[in-house]
Amino acid sequence: MFEVYVLCWLVFCTPLVVAQCPAPISSADEFTAKAYDYLIIGGGTAGLTVATRLAEDAGFNVGVIEAGHLHIPDSNISVPFFVNNAVFHPEYDWMLSTVPQISTANRSIETPRGKLFGGSSAINSLAWTRASIAEYATWDSLNDYSGGWDWDGLLPYFLKSQSREANPYPGLSGFSTSYGQNGFHGPIKTSLNAEYSGIVSPYINALKHLGVSVNSNPLDGNTSGVWDALVAVDRNSGSRSDSAVGYYCPAAGRPNLHVLSGATVTRVLFDNTTSDLTAIGVTFVSGGTHHVVNASKEIILSSGVLKTPQLLELSGIGNATLLESLGISPLVDLPGVGENLQEHVFIASQYELSDTTQVITFDDFENATFASVQEAIYNKTRQGWMAATNCAFLFLSLDEFLDETETASLLNTFDRSVQILKNAGSVSPLVEAQLEIQRSWLTDGIVPQMETIQLAQGLADTVPGGHYMSLLSGAMHPVSRGSVHINTTNALASPVIVSNFLAADFDVQLLLKLFAYNNKIAATEPLSSYIAAQILPPPDLTGPDLVAYMRESFTIGDHIMGTATMASRSLGGVVDPQLKVYGTSNLRVVDVSVLPSQLATHLQATVYAIAEKAADLIRAAAASQSGS
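Just so you know, these numbers come straight off a predicted model, no measurement behind them.

1. Details of the side chain of serine 239
Secondary-structure assignment places serine 239 in strand β9 (residues 239-240). Exposure remark for serine 239: the relative accessible area of 8% places this residue in the buried category. Of the polar contacts made by the side chain of serine 239, one reaches the side chain of serine 237; its length is 2.5 Å.

Given below as structure tokens:
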């Protein structure tokens, strides 16, 4: 079995990054003594973006409540080589996991979510990507074509959040990302790699021989092909660029921005004397003591895809039957809260490289001399292999990697999987609408259905001194849907996550095709000359044994979304196109839980864009109310 979150092999005793940032408020009494126009619940990717943008208006007093702490400086967060050190660590991560299910071989799947300033932007794997134009268009269709949530409506906010400076590291020759549709002045710094393993070029050329094109501008709404992915790394400092560094730190000195750390919000308080609920404040726990703080304009939930629905349900918004069973008085009956959980599911193929190849991979950090040299390079220049990442991303539609017979077989499997869900009564109006769209994507050849990330490293069953290449391949639009709900009124307890990963046969069959396609790539020149042996999955596994192995070893992309969906209420949506929770006048959700449907992309760039757009929506509402 393998885990994608490979712990780094070294522990450095000296601080590698010395960036500083003003400390947040740690006293709950100090925080509650202030009056707020806006309260943002969660200081993560979206929360800090919204907060700092609102605080640009000196007339707004903005408060943020974050359960975690500020980790600047902290090499576990900032150094690209340590990209996964914070994952599954209680100092940085909520440590949530799914309930065991038959479809997951009775495994409880860990679901990393950032519990610190910057949220998941501080613990993710740095990728900076967007989805296709067609996928964002779906958002608008699920919102009665209200406008504003398609590609054209989001592009200005993609550009606003991103900064990409011309740098001396343009990528590999013939495999680099153009500057089209890039932002140049936003808070989040993005860049291409400065170092590339010698196994990258043979991989790219093998794909070319299989008819795959290099996509030089994957940020323009067409993501198909293989491309050199941007990452959220500031090349000047060789460090991660997240919402804490990019948004919060430059704004932390503003007199109207107040951020409390180490505090967990337990409930939203409402005035229910009007037709729509009016959010007036929140209760929270800090240092074991309960507190109340109020807001005069709006409350914005940015607690993340697993905690936002939990907070809604604790506050009386959700499925009335569930709430009543726990003794919670339903204030708004919204059965969609906590439903529609979607995630990318990945499998890995691992290959041992020939001793004669002499390529550098991240496996070389097992060599103390190599590691010591790279540490010195990083400390001096902020460059070298400690500032590098895996960057070759491949996105393809079905007809780009399967033949007509295989595609037709998968389409039939999709239809059977959907019918099984319908027969079981597991298809809500929203899911039915989503699946109809997904079915059209399978045949139109525009929307990618798979992603493969080349990893210049081994994941498991490695030997000292060996060099490896792994191909991490995922299903971008699974049929399976899950949920997250409370089962107690204890706000400090973890919610119950029922993932249903690999419950639909379509998802299983697609991943089996990806195992086969990975082997096809590895057997294609010039890459095949670099491959000594297939390590994972064991090459003798076939049929039911390979499916069992898949269930026992798959991982997830940490791209969970959709649990407080922005969709029409008739479909089962939770928030409207203004991101307001249905049945309320001033409670919004701004985080990845509002995504109406899964995207074939890594989600952080999209979440920043949503948050930037949300800030404009909130400011516009304030201007309208004041008559200005």
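2. Observations regarding the side chain of threonine 361
Following the sequence through the fold, threonine 361 ends up in the loop between β16 (345-353) and α10 (368-381). Here threonine 361 falls in the buried class, since its relative accessible area comes to 0%. Those residues in contact with threonine 361, other than ones at most four positions away along the chain, are Ser197, Leu353, Ala456, His467 and Tyr468.

3. Some words on the confidence of the model for the chain
For the chain, per-residue confidence averages 94 on the pLDDT scale, and 95% of positions sit at 70 or higher. Scored below 50 in pLDDT, residues 1-18 shows 58 contacts in the model against residues more than four places distant or in partner chains.

4. Some points on the pairing of β16
Counting buried residues in β16 gives 8 out of 9 residues, a clear majority hidden from the surface. Pairing of β16 with strand β23 (residues 555-556) involves 2 bridges; the strand directions are antiparallel. What sits directly across from phenylalanine 346, in β23, is threonine 555. Sheet topology note: the β16/strand β22 (residues 531-536) ladder contains 4 bridges and is antiparallel.

5. Considerations on the packing of helix α2 (residues 45-54) against helix α7 (residues 243-251)
Closest axis-to-axis distance for the α2/α7 pair is 9 Å, and the angle between their directions is 25°. Taken together, the axes of α2 and α7 lie roughly parallel to each other. Crossing of α2 against α7: the hand is left-handed. Between α2, through Thr45, Leu48, Thr49, Thr52 and Arg53, and α7, the contact on the second element is made entirely by Ser243, Ala244, Tyr247, Tyr248 and Ala251. A class-by-class count of the residues in the contact of α2 with α7 yields 5 nonpolar, 4 polar and 1 charged.

6. A short note on the pattern of salt bridges
All told, the structure shown has 9 salt bridges when counted by the stated rule. With a closest N to O distance of 2.6 Å, arginine 619 and aspartate 616 form a salt bridge. In this pair, arginine 619 and aspartate 616 are both assigned in helix α15 (residues 604-626), 3 residues apart and thus about one turn of the helix distant. Judged by relative accessible area, which is 27%, aspartate 616 ranks as partly exposed. Where salt bridges share partners, they join Arg53, Glu56, Lys160, Glu612, Asp616 and Arg619 into one cluster.

7. Here's the deal with helix α6 (residues 200-209)
Listing the buried residues of α6 in full gives Val200, Pro202, Tyr203, Ile204, Ala206 and Leu207. Count one or two residues on from α6 and you reach glycine 211, which has phi positive near 90°.

8. Points about α15
Within an α-helix, residues lying three or four positions from one another point in the same direction, as the helix has 3.6 residues per turn. A rise of 1.5 Å per residue sets the reference length of α15, with its 23 residues, at 33 Å; its end C-alpha atoms lie 33 Å apart and thus fit the reference within 8%. Of all 23 residues that make up α15, 17 are buried, and the element is covered over most of its length. Phi turns positive, to about 80°, at glycine 627, one or two residues after α15.

Analysis parameters
Residues numbered from 1 in each chain as written. Predicted model: local features only at pLDDT ≥ 70, side-chain atom pairs only at ≥ 80, totals over all residues. Heavy atoms only, no water. Helix = DSSP H or I, 4+ residues; strand = E, 2+ residues; numbered from the N terminus. Buried < 20%, exposed > 50% of the residue type's maximum accessible area, 1.4 Å probe, protein only. Polar contact = N/O pair within 3.5 Å; in protein donor to acceptor, adjacent residues only side chain to side chain. Contact = heavy atoms within 4.5 Å. pLDDT = per-residue confidence, 0-100. Pairing = 2+ DSSP bridges. Axes fitted to C-alpha atoms, helices over the stretch in contact; angles between N-to-C directions. Parallel < 35°, antiparallel > 145°, perpendicular 65-115°, else oblique. Left-handed = near helix turned anticlockwise from the far one by under 90°. Nonpolar A, V, L, I, M, F, W, Y, C, P; charged D, E, K, R; others polar. Salt bridge = Lys/Arg side-chain N within 4 Å of Asp/Glu carboxyl O. Expected span 1.5 Å × (residues − 1).

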